[in-house]
Amino acid sequence: NWDWWVMKAAQTGTVTVVTRQVGTGDAPDLVLEVFTDGEFGEAKDRSDQDLQGNSANESATVQVTAGQAVHVKVSSNFGRGAKYRLSSSLAP
């Protein structure tokens, strides 16, 4: 199972995308991948780090230019829909 998200960079800088578990109980095991320039062969950054010991907590960072499309893929090993929060920030 996977979800795709697309955003455009408001300005040139560094975009950081993170996932965090929603709710309590067993965390879904997520993998976060970030692609740019419509190139989907290899992610610009990929995370399966399980930050803070939580398998839903991932973080990926890429350099972008103003107006550049950023494609984010979140994958889960679970057959059911994984509940997570996705957020991003842009540092000039």
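Everything in this summary refers to the structure shown in the same document.

About the cut-offs
The written sequence of each chain sets the order in which its residues are numbered from 1. Confidence filtering applies because this is a predicted model: local features only for residues at pLDDT of at least 70, side-chain atom pairs given and counted only at 80 or more, and all residues used for totals across whole chains, interfaces and linings. Just so you know, side-chain values use all the structure's heavy atoms and leave hydrogens and water out. What makes a patch is a set of residues exposed beyond 30% relative accessible area and free of salt bridges, joined within 9 Å when like-charged and within 5 Å when nonpolar (Val, Leu, Ile, Met, Phe, Trp, Tyr). Note on areas: Shrake-Rupley with a 1.4 Å probe; residue coverage comes only from the protein chains shown. Any carboxyl oxygen of Asp or Glu within 4 Å of a side-chain nitrogen of Lys or Arg constitutes a salt bridge here. Counting from the N terminus, the helices are the DSSP runs of H or I reaching at least four residues and the strands are the DSSP runs of E reaching at least two. Any two of the Phe, Tyr and Trp rings considered here, Trp counted by its six-membered ring, make a pair once their centres fall within 6.5 Å; the pair's planes then place it as stacked at under 30 degrees, edge-to-face at over 60, or tilted in between. Exposed residues in this analysis have more than 50% of their type's maximum accessible area, buried residues have under 20%, and partly exposed residues fall in between, with area computed by a 1.4 Å probe over protein chains only. Whether a charge sits over a ring comes down to the Lys NZ or Arg CZ being within 6 Å of the ring centre and within 35 degrees of the ring normal. The contact rule is simple, with two residues in contact once any of their heavy atoms fall within 4.5 Å. N or O atoms within 3.5 Å of each other form a polar contact, as long as, within protein, one can give a hydrogen and the other can take it, and as long as residues adjacent in sequence are counted only when both atoms are side-chain atoms.

In this section: a nonpolar patch on the surface. A contiguous nonpolar surface patch, about 350 Å² in accessible area, is contributed by Trp2, Trp4 and Phe40. One can find Phe40 in the loop between β3 (30-36) and β4 (45-47).

On to unusual backbone geometry, then. Its identity as a non-glycine residue notwithstanding, Asp50 has a phi of 55°, on the positive side. Checked against the element boundaries, Asp50 lands in the loop between β4 and β5 (58-64).

Moving on to the packing of aromatic side chains. Geometry of an aromatic ring pair is reported as the spacing of the ring centres plus the angle between the planes. In this structure the tally under the stated criterion is 4 aromatic pairs. Between Trp2 and Trp4 the ring centres are 6.1 Å apart and the planes differ by 80°, which places this aromatic pair in the edge-to-face class. Classification of Trp2 as exposed rests on a relative accessible area of 53%. On the basis of an interplanar angle of 55° and a centroid distance of 5.6 Å, the ring pair of Phe35 and Phe40 is categorised as tilted. Here Phe35 falls in the buried class, since its relative accessible area comes to 4%. Put simply, the rings of Trp2, Trp4, Phe35 and Phe40 touch in pairs and so form one group of aromatic residues. Between Lys73 and the ring centre of Trp2, over which it is positioned, the NZ or CZ distance is 5.5 Å.

Here the focus is the side chain of Asn54. By the secondary structure assignment, Asn54 is in the loop between β4 and β5. For Asn54, a relative accessible area of 17% translates into the label buried. The contacts of Asn54, once residues within four sequence positions are left out, are Gln21 and Ala27.

What follows covers the environment of Asn1. Its location among the elements puts Asn1 in the segment before β1 (2-8). Residues Asn1 and Ala27 lie 26 residues apart in sequence; the distance between their C-alpha atoms is 15 Å.

So, about the side chain of Gln68. Positionally, Gln68 belongs in the loop between β5 and β6 (69-76). Among the residues examined, Gln68 registers a relative accessible area of 13% and is labelled buried. Reaching out from Gln68, the side chain makes a polar contact with the side chain of Asp37 at a distance of 2.6 Å. A distance of 2.9 Å separates the side chain of Gln68 from the backbone nitrogen of Thr65, its partner in a polar contact. The contacts of Gln68, once residues within four sequence positions are left out, are Met7, Lys8, Ala9, Thr36, Asp37 and Gln63.

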